[in-house]
Amino acid sequence: MKDLIPNTQNSQNKQKIASTSTLLMKTIFIVLIFVSFTISPATSKAPENCGSESANLCINKAKALPLKIIAIVTILIASMIGVGTPLFSSNVPFLQPDKNIFTIIKCFASGIILGTGFMHVLPDSFLMLSSPCLEENPWHKFPFSGFLAMLSGLFTLVIDSMATSIYANNNTDDIVPHGHGNDFTFPTKDEDSAQLLRYRVIAMVLELGIIVHSVVIGLSLGATNDICTIKSLITALCFHQMFEGIGLGGCILQAEYTNLSKFLMAFFFAITTPFGIALGIALSTIYRNNSHTALITVGLLNACSAGLLIYMALVDLLAADFMGPKLQGSVKMQIKCFIAALLGCGSMSVIAKWA
């Protein structure tokens, strides 16, 4: 009978983790939908010439469509390779999560996510919300991009903290100190469950931020008929999505989801940019990248996504690894991981020249 009590508690812990994760995911998506539908262009009017594409030799709708189809296929394959590599690496002995090489690769992927936030998403938001197609007041009078990125980072912190607190409060009675006198030790299974929750929160919030960004860049590519831009973006976005997928795949692996959940998270990541491109193609007759509605909506969503990605990369990924026992116990490992993170940031900085 006593042997059944730990199993029952473990089952309850897993159920609480699952319910907390589900609640968090629903909350995030409700907030995202609310933001998407409440952003309105009704506050101002754009100059008349901003709704049309500028005339240049690269605009060719007939040639652009085949290139967009190629982009959908190649980016889908690159995304699948990126997010699938860490998940399948669990079968390779030297790439297990407890190995040093996995930690180094994870820091490289974290640097990629940090570089994405700073070098891709946030600059795009500043560029869109400072466009001359938007009237001077209020868009040129206040730094909306930085403001929303800051708020997004803070709200991500609140969600991160509250999810952990809910779990801790629900499991207070299950944590019983052991030992004599002032020496107390806590059950490692409770600590493992709390850490597992952290990994799952990180994986879900990170996927949300990446998905928002991926749909936005796909929509922009699908809506444009500039073949010069499309050609340069295809290669850049393939590397972009592959590197981002490596980062996300590593987080999904550590979260220890079921195989079905891993597949679904990887699947949704892989199809978001191709879906955005397909949506852009479908809306290409009415959607313009430099229209008033597109500039405001995409600019604000990019700012929110940037704040989320920057927070996740710095706090939940890099800081958690560098302040953890593995790296704190080895200066050599800290240097290796720092170089890996720097390479990750550098690779995304180079890609930012084209995408």
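Source: prediction; values computed, not measured.

### Brief notes about the overall build of the protein chain
Okay, so step 1: From N to C terminus, the protein chain includes 11 helices and zero strands.
Okay, so step 2: The N-to-C order of helical and strand elements in the protein chain reads α-α-α-α-α-α-α-α-α-α-α.
Okay, so step 3: Residue burial in the protein chain is summarised as follows: out of 355 residues, 45% are buried.
Okay, so step 4: Of the contacts formed within the protein chain by residues at least 6 apart in sequence, a portion of 85% connects residues at least 24 apart.
Okay, so step 5: With the model as given, the accessible surface of the protein chain reaches about 18,200 Å², and the carbon-plus-sulfur share is 70%.

### Some details on the pattern of salt bridges
Okay, so step 1: Evaluation of the coordinates by the stated rule reveals one salt bridge.
Okay, so step 2: Note that K106 is salt-bridged to D321, the shortest N-O span being 3.5 Å. Residue K106 is found in helix α3 (residues 100-129), and its partner D321 is found in helix α9 (residues 292-322); the two are separated by 215 residues along the sequence. For the pair formed by K106 and D321, the shared burial category is buried.

### Observations concerning the nonpolar core
Okay, so step 1: Counting residues in each nonpolar core, the largest one holds 42 residues, and the members touching the most others are L206, I252, Y257, L309 and M312.
Okay, so step 2: Mapped onto this core, the elements with two or more residues apiece are α2 (61-88), α3, α6 (188-223), α7 (227-254), α8 (259-282), α9 and α11 (331-351).
Okay, so step 3: At 10 residues, α9 tops the list of elements feeding residues into this core.
Okay, so step 4: Ignoring anything within four residues of it in the chain, the contact list for Y257 reads R200, A203, M204, I252, K262 and M265.

### A word on the packing of aromatic side chains
Okay, so step 1: Summed over all chains, the structure comprises seven aromatic pairs.
Okay, so step 2: For the pair F263 and F267, a centre-to-centre distance of 6.0 Å together with 20° between the ring planes defines the contact as stacked. Taken as a pair, F263 and F267 lie in helix α8 at a separation of four residues, close to a single helical turn.
Okay, so step 3: Residue classification places F267 among the partly exposed residues on the basis of a relative accessible area of 38%.
Okay, so step 4: Ring centres 5.8 Å apart and planes at 65° place the aromatic pair F267 and F268 in the edge-to-face group.
Okay, so step 5: Aromatic ring contacts, followed pair by pair, group W139, F142, F144 and F147 into a single cluster.

### Details of the side chain of H213
Okay, so step 1: Tracing the backbone shows H213 in helix α6.
Okay, so step 2: Exposure remark for H213: the relative accessible area of 2% places this residue in the buried category.
Okay, so step 3: For H213, the contacting residues outside a window of four places in its chain are T116, V121, H240, E244, N302 and S305.

### Description of a nonpolar patch on the surface
Okay, so step 1: On the surface, V331, I335, F338, I339, L342 and L343 cluster together into a nonpolar patch covering about 610 Å² of accessible area.
Okay, so step 2: Tracing the sequence through the fold places L343 in helix α11.
Okay, so step 3: Owing to a relative accessible area of 53%, L343 belongs among the exposed residues under this scheme.

### Re α3
Okay, so step 1: Between its first and last C-alpha, α3 extends 43 Å over 30 residues, near the 44 Å set by a 1.5 Å rise per residue.
Okay, so step 2: Taking the largest bend as the criterion, α3 deviates by roughly 35°, centred on T116.

### Focus on the packing of α7 against α8
Okay, so step 1: Where α7 meets α8, the axes come as close as 11 Å, and the angle between the chain directions of the two elements is 165°. With respect to their mutual orientation, α7 and α8 come out roughly antiparallel. For the pair α7 and α8, the sense of crossing is right-handed. Across from Q241, E244, G245, L248, I252 and L253 in α7, the residues of α8 making contact are K262, M265, A266, F269 and T273.

### Notes on the confidence of the model for the protein chain
Okay, so step 1: Summary statistics for the protein chain give a mean pLDDT of 78 and a share of 75% for residues scoring 70 or more.
Okay, so step 2: Averaged pLDDT values for the elements of the protein chain fall to 51 in helix α1 (residues 4-38) and rise to 93 in α11.

### Topic: α7
Okay, so step 1: The end-to-end C-alpha distance of α7, which contains 28 residues, comes to 40 Å, matching closely the 40 Å that a straight helix rising 1.5 Å per residue would cover.
Okay, so step 2: At L233, α7 shows its largest kink, close to 30°.
Okay, so step 3: Most of α7 is tucked away, with 21 of its 28 residues classed as buried.
Okay, so step 4: By the N-cap criterion, in which a side-chain oxygen at the helix start approaches the backbone nitrogen of a residue two or three places on, α7 is capped by D226, the distance to C228 being 3.0 Å.
Okay, so step 5: Note on α7: the residue one or two positions beyond its end, E256, has a positive phi of about 55°.

Thresholds applied
Each chain carries its own residue numbering, running from 1 in the written order of its sequence. Where local features are concerned, this predicted model is filtered to residues with pLDDT of at least 70; where side-chain atom pairs are given and counted, the filter is 80 or more; whole-chain, interface and lining totals use all residues. Side-chain measures here rest on the full set of heavy atoms in the structure, leaving out hydrogens and waters. Elements are defined by DSSP. Helices are runs of H or I of four residues or more, strands are runs of E of two residues or more, and each kind is numbered from the N terminus. Buried residues are those whose accessible area, probed at 1.4 Å on protein chains only, stays under 20% of the maximum for their type, while exposed residues exceed 50% and partly exposed ones sit between those limits. Here, residues are in contact when the closest pair of their heavy atoms is within 4.5 Å. With residues, only the protein chains shown are counted as cover, and all accessible areas are computed by Shrake-Rupley using a 1.4 Å probe. In the sections that follow, a salt bridge refers to a side-chain nitrogen of Lys or Arg positioned within 4 Å of a carboxyl oxygen of Asp or Glu. Buried Ala, Val, Leu, Ile, Met, Phe, Trp, Tyr and Cys residues form a nonpolar core when they are joined through side-chain atoms within 4.5 Å. Classification of ring pairs rests on two measures: the distance between centres of Phe, Tyr or Trp rings, Trp counted by its six-membered ring, which must be within 6.5 Å, and the angle between planes, read as stacked under 30 degrees, edge-to-face over 60 and tilted in between. Exposure above 30% relative accessible area and the absence of a salt bridge qualify a residue for a patch, where like charges join within 9 Å and nonpolar side chains (Val, Leu, Ile, Met, Phe, Trp, Tyr) within 5 Å. One fewer than the residue count of a helix, multiplied by 1.5 Å, yields its expected span. Throughout, the bend at a residue refers to the angle made by two axes, fitted to the seven residues ending there and to the seven starting there. The axes are straight lines fitted to the C-alpha atoms, using for helices just the contacting stretch, and the angles between their N-to-C directions are given from 0 to 180°. We call two directions roughly parallel when the angle between them is under 35 degrees, roughly antiparallel when it is over 145, roughly perpendicular when it lies between 65 and 115, and oblique otherwise. Crossings are sorted by hand: turned counterclockwise from the far helix by less than a right angle, the near helix makes the crossing left-handed, and turned clockwise it makes it right-handed. Note on scores: pLDDT gives the predictor's confidence for each residue, bounded by 0 and 100. Pairs of N or O atoms are called polar contacts if they sit within 3.5 Å, as long as, within protein, a hydrogen donor faces a hydrogen acceptor (for residues adjacent in sequence, only side-chain-to-side-chain pairs).

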